[in-house]
Amino acid sequence: MMRPLRDRKPAAKAKPPPFPSTLTPLRAILDDDGDAQPGSMVNVIGVLKDCRAPVATHGLDWKCTLTISDLSIEDEPAGVELVIFRPEARMPEVGAGDVVVVLSAKVQRFKSNPKSLITSKITTICVYRAATIPVYPASAQVALLPAKQGESHMLLKEEHHQYVSYLYNVIDKYDVPDEAEYQQRVKVSLNVKDKFSLLKDVTDGKFYDLIGQVAKDPYTDEMGRSTLYLSDYTENDFFFHYTWEGVKDLASAARPADAYPEDNNPETAQQHPWVGPYGKRTIQISCYDAHADFIREAGVSAGMWLSLRNVQVKFGRNGAHLEGFLREERNASARKVNVEILDIVAPHPSVTNVKVDPRLKEAVRRWRDYSREKKAQILAVKAAQEAGAKRKFARAGSSDDVLLDGQPPSKKLRAKERRKLRRAEFEKKEAEEQEKAALGLNELVTCEAHPKPVSTLASILEPVMYETMVDGQPVKIPLPFTNTKYNARVRVVDFHPCNLEDFACGRNWTEFDILSDNDHDDDDESDDDSPNATKDASDDEDHGKGRTWEWRFALLLEDASTPSSPATVAAMDKDQTRKRDRDPKSRARLWVTIDNTEAQCLTGLDAVNLRRDPHTLATLRERMFTLWGNLEELKAAKARAAVKEREGAMARMGILMGMAG
């Protein structure tokens, strides 16, 4: 039962008590440069101004938030929040104006909001009922409520009871609500609902929580208001329509002159280019007060992802398009910020207590899909333009009724010609099948790009010449490299590194690893990241934190048309090898590097520390056997033979030296 708040009593003529040395003034917490910084433990005292009733969380604890104030911040419109996490039975029973002493609370800064307090397992909350606190200098111990289970009031001394009485009687209670208003606030705090919405679902006159990407650098006017352009890549028919040409070309008759006044300034439009999606996918949001200050001071710019809380959506001044408004919340801290910068970088797998918001993931996925769609549309437009140019050229060089080859446009192939084409196509496929059967191609390994013509390694290795003019004379220059993809029929005759355990290498994790096609810079690698580096278990454990693993190995390829296999190559005698090597086409070989993405496609496995994961290593060995047969065994046997030969040579040398001595 909440008791009514007493009227403010004048302090007695007794000397004010000293501030308890074990307590910290709330001003030291509220100020950014105060002594109480995030992470420190403090003891505080304050008069209760507001309370959000306990609500259940996803875990075993409940959550309750108290707002308290003391003499150091009594002129502030808002106080310091105390966030309580504990079982419902241990929640404090408080009322408006009660004095609260909190022992061993932790200072925190949650997101971009002012510093606040949060409880821990050792936190004790002592409540003095306002209705029974006596006039100072009488002790307030009589108003102290019994301790909750697991708590103790042993640390409270008489100096604390005296100061509670003094604080309650002298502090300005103008911002402390009366009983009816307090009960109403507590009741409203229980009406917790998820206000998150996609932009496609927002309507006029409601408040929403939004997640989206900044489509244009924010604009700040002379009044300090910041204007955001936010998109979550969903469409709303009541949003302004941004055309393909960009913002600077939108100043047309179809656009009201006062819809977006900052875009009418050419200098401003040039400073803040449009980088967001086109169409009706972006909403303009006007931000005020602390929200605008945060946007400006945090350097929010185009491309960043934001979470906005409690955004009011309504029609703008032109009455045609929905806009958003982010203002200071009623009964909330004047410095509370409802803007949060989101990080789209995925946490490292070793970090288990951080999870990316699934709503953010879905927004990023829509961004990716939109980017692909936009790219395809641009390619289609370019193709249409090229096709139009070709038709224009054809019309200019031929009559309206006859094509370049002299055939009428409506002329169809005769039945005999169609049968001839089908027969040729069938014979070509049959020849390819016979060639595959003759080569003994592995059906378990298929190519990703089948339509490409098959090239030999000899043709791939042929230098490409570039013809140019030097001093009026034609000159052919060999190109150092060509950026070309080939389709070839090959066999694997060697691999590197020699040990399969080194096919995966570790490197330090970076923030860009959320991108599946991210490729790291080899210059950033340390010496122990090389594929041949060998580390013991303790060294690997020390370096394993904050590291990710990628595939990196190389294969030596030989044309499959060469009538040999790794086994037969190993069994060849010297005469056969010399005879085969005389033919350049037969001995054409090529080393290819397999990067992380290609290795994932080839093996169907994600890279791990193979020295500490025998199961993945066994799976890799089995799948590579499918690719190259018994090549690994032959390579290992050859290495053992070389070791034996070297040991024998060393032994013979030792014998000879002994005989010479």
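As the structure is a computational prediction, the values presented were derived from the model and not from experiment.

The rules behind these values
Residues numbered from 1 in each chain as written. Predicted model: local features only at pLDDT ≥ 70, side-chain atom pairs only at ≥ 80, totals over all residues. Heavy atoms only, no water. Helix = DSSP H or I, 4+ residues; strand = E, 2+ residues; numbered from the N terminus. Buried < 20%, exposed > 50% of the residue type's maximum accessible area, 1.4 Å probe, protein only. Contact = heavy atoms within 4.5 Å. Areas by Shrake-Rupley, 256 points an atom, 1.4 Å probe, with all protein chains shown as cover. Pairing = 2+ DSSP bridges. Phe/Tyr/Trp six-rings, centres within 6.5 Å; stacked < 30°, edge-to-face > 60°. Lys NZ or Arg CZ within 6 Å of the ring centre and 35° of its normal. Salt bridge = Lys/Arg side-chain N within 4 Å of Asp/Glu carboxyl O. Core = buried A, V, L, I, M, F, W, Y, C linked by side-chain atoms within 4.5 Å. Patch = residues over 30% accessible without salt bridge, like charges linked within 9 Å, V, L, I, M, F, W, Y side chains within 5 Å. Axes fitted to C-alpha atoms, helices over the stretch in contact; angles between N-to-C directions. Polar contact = N/O pair within 3.5 Å; in protein donor to acceptor, adjacent residues only side chain to side chain. Arc of directions from axis to C-beta. Disulfide = S-S within 2.5 Å. pLDDT = per-residue confidence, 0-100.

### Focus: the overall build of the protein
Argument step 1. Each helix and strand in the protein was counted, giving 14 helices and 19 strands.
Argument step 2. Residue burial in the protein is summarised as follows: out of 661 residues, 36% are buried.
Argument step 3. A fraction of 72% describes how many contacts in the protein between residues 6 or more apart in sequence connect residues 24 or more apart.
Argument step 4. Put simply, the protein shows about 40,500 Å² of open surface, and 54% of that area lies on carbon and sulfur atoms.

### Topic: the pairing of strand β13 (residues 465–470)
Argument step 1. For β13 and strand β14 (residues 473–478), the ladder comprises six bridges, and the chain directions are antiparallel. Among the inter-strand pairings, M465 is bridged to a residue of β14, identified as P478.
Argument step 2. Taking the residues between adjacent antiparallel strands as the criterion, β13 and β14 are bridged by two residues, where D471 takes a positive phi near 55°.

### What to know about the packing of aromatic side chains
Argument step 1. Summed over the entire model, instances satisfying the criterion amount to twelve aromatic pairs.
Argument step 2. Seen in terms of ring centroids, Y163 and Y166 are 6.0 Å apart; in terms of plane orientation they differ by 45°. Their pairing is tilted. Taken together, the residues Y163 and Y166, both in helix α2 (residues 158–170) and three residues apart, mark about one turn of the helix. We note that Y163, like Y166, is buried.
Argument step 3. The interplanar angle of 50° and the centroid separation of 5.5 Å between the aromatic rings of Y233 and Y370 together place this pair among those described as tilted. Residue Y233 is located in the loop between β8 (226–231) and α4 (266–271), and its partner Y370 is located in helix α6 (residues 358–397); the two are separated by 137 residues in the primary sequence. Comparing Y233 with Y370, the two get one shared label, buried.
Argument step 4. When the ring centre of F196 is taken as reference, the NZ or CZ atom of R359 above it lies at 4.5 Å.

### Points about the environment of L479
Argument step 1. Summarising the element assignment, L479 is placed in the loop between β14 and β15 (490–496).
Argument step 2. You can call L479 partly exposed: its relative accessible area is 38%.
Argument step 3. For L479 and M465, which are 14 residues apart along the polypeptide, the C-alpha to C-alpha distance reads 6.0 Å.

### Notes on the pattern of salt bridges
Argument step 1. Summed over all chains, the structure comprises 23 salt bridges.
Argument step 2. In this structure, R109 and D32 form a salt bridge, with 2.9 Å as the shortest nitrogen-oxygen distance. Of this pair, R109 sits in the loop between β4 (99–108) and β5 (116–118) while D32 sits in the loop between α1 (26–30) and β1 (41–56), placing them 77 residues apart in sequence.
Argument step 3. Where R86 meets E151, a salt bridge forms, and the shortest distance between an N and an O atom there is 2.7 Å. Remark: E151 occurs in the loop between β6 (124–128) and α2 and R86 occurs in strand β3 (residues 80–86); sequence separation between them is 65 residues. Assigned by exposure class, R86 and E151 land together as buried.
Argument step 4. Connected through salt bridges with shared partners, the residues R27, D31 and E76 form a single ionic network.

### A word on the nonpolar core
Argument step 1. Counting 51 residues, the largest nonpolar core has I29, V99, L117 and Y128 as the members making the most contacts within it.
Argument step 2. Once residues lying within four places of it in the same chain are set aside, the contact partners of I29 are A36, V42, V44, V80, V107, K115 and L117.

### Focus: helix α5 (residues 289–297)
Argument step 1. Buried within α5 we find A290, H291, A292, F294 and I295.
Argument step 2. On its buried face, α5 sits against β7 (206–220), β8, β9 (282–287), β11 (322–326) and β12 (339–342).
Argument step 3. Positive backbone phi, approximately 70°, marks G299, located one or two places after α5.

### Some thoughts on a nonpolar patch on the surface
Argument step 1. Taken together, the side chains of V464, Y466, I477 and L479 present a nonpolar region at the surface, about 340 Å² in accessible area.
Argument step 2. Tracing the chain through its elements places Y466 in strand β13.
Argument step 3. On the basis of relative accessible area, Y466 is assigned to the partly exposed category, the value being 48%.

### Thoughts on the sheet that holds strand β19 (residues 589–594)
Argument step 1. Taken together, three strands build an open sheet; the order of strands is β15-β18-β19 and the sheet is antiparallel. With partners counted over all chains shown, the strands left at the sheet margins are β15 and β19, one partner each. Taken over all neighbouring pairs, the strand axes of this sheet differ in orientation by 30° on average, direction set aside.
Argument step 2. Bridge count for strand β18 (residues 553–559) against β19 is six bridges, and the pairing is antiparallel. Bridge pairing links L557 to L590 in β19.

### Here's the deal with the environment of N499
Argument step 1. Along the chain, N499 turns up in the loop between β15 and β16 (504–508).
Argument step 2. Classification of N499 as partly exposed rests on a relative accessible area of 43%.
Argument step 3. Along the backbone, N499 and A636 are 137 residues apart, and their C-alpha atoms lie at a distance of 9.2 Å.

### Examining unusual backbone geometry
Argument step 1. With an omega dihedral of 20°, the bond running from Y136 to P137 counts as a cis peptide bond.
Argument step 2. Following the sequence through the fold, P137 ends up in the loop between β6 and α2.
Argument step 3. Of note, the amide linkage connecting H496 to P497 takes the cis form, showing an omega dihedral of 5°.
Argument step 4. Of note, P497 is situated in the loop between β15 and β16.
Argument step 5. Its identity as a non-glycine residue notwithstanding, N310 has a phi of 60°, on the positive side.
Argument step 6. Unlike most non-glycine residues, D471 shows phi in positive territory, near 55°.

### Thoughts on the side chain of T603
Argument step 1. The residue T603 is located in helix α12 (residues 596–603) in this model.
Argument step 2. Accessibility expressed as a relative area gives 3% for T603, which makes it buried.
Argument step 3. Within the structure, the side chain of T603 is placed 2.7 Å from the backbone oxygen of A599, a separation counted as a polar contact.
Argument step 4. T603 has contacts with W551, L620, R623 and M624, leaving out every residue within four places of it along the chain.

### Considerations on helix α3 (residues 179–189)
Because an α-helix completes one turn every 3.6 residues, residues spaced three or four positions apart along the sequence face the same direction.
Argument step 1. Where α3 is concerned, the buried positions are Y182, R185, V186 and S189. Down the axis of α3, the buried side of the element spans an arc of 100°, and every buried residue falls inside it. Facing away from the buried side of α3, by more than 90 degrees, are the exposed residues A180 and K187.
Argument step 2. Check the buried side of α3 and you find it contacts β1.

### Examining the state of the cysteines
Argument step 1. Under the definition given, this model contains zero disulfides.
Argument step 2. The thiol of C51 is not disulfide-bonded; the next cysteine sulfur, from C64, is found 4.1 Å away.

### Let's talk about the confidence of the model for the protein
Argument step 1. Per-residue confidence for the protein gives a mean pLDDT of 78; residues scoring 70 or more make up 74%.
Argument step 2. When mean pLDDT is taken per element in the protein, β6 scores highest with 95 and helix α9 (residues 537–544) scores lowest with 41.
Argument step 3. When the criterion is pLDDT under 50, residues 246–264 qualifies, and its contacts beyond four places in sequence or with other chains add up to 35 contacts.
Argument step 4. Low pLDDT, under 50, characterises residues 398–411; the predicted model gives this stretch six contacts beyond four residues in sequence or across chains.

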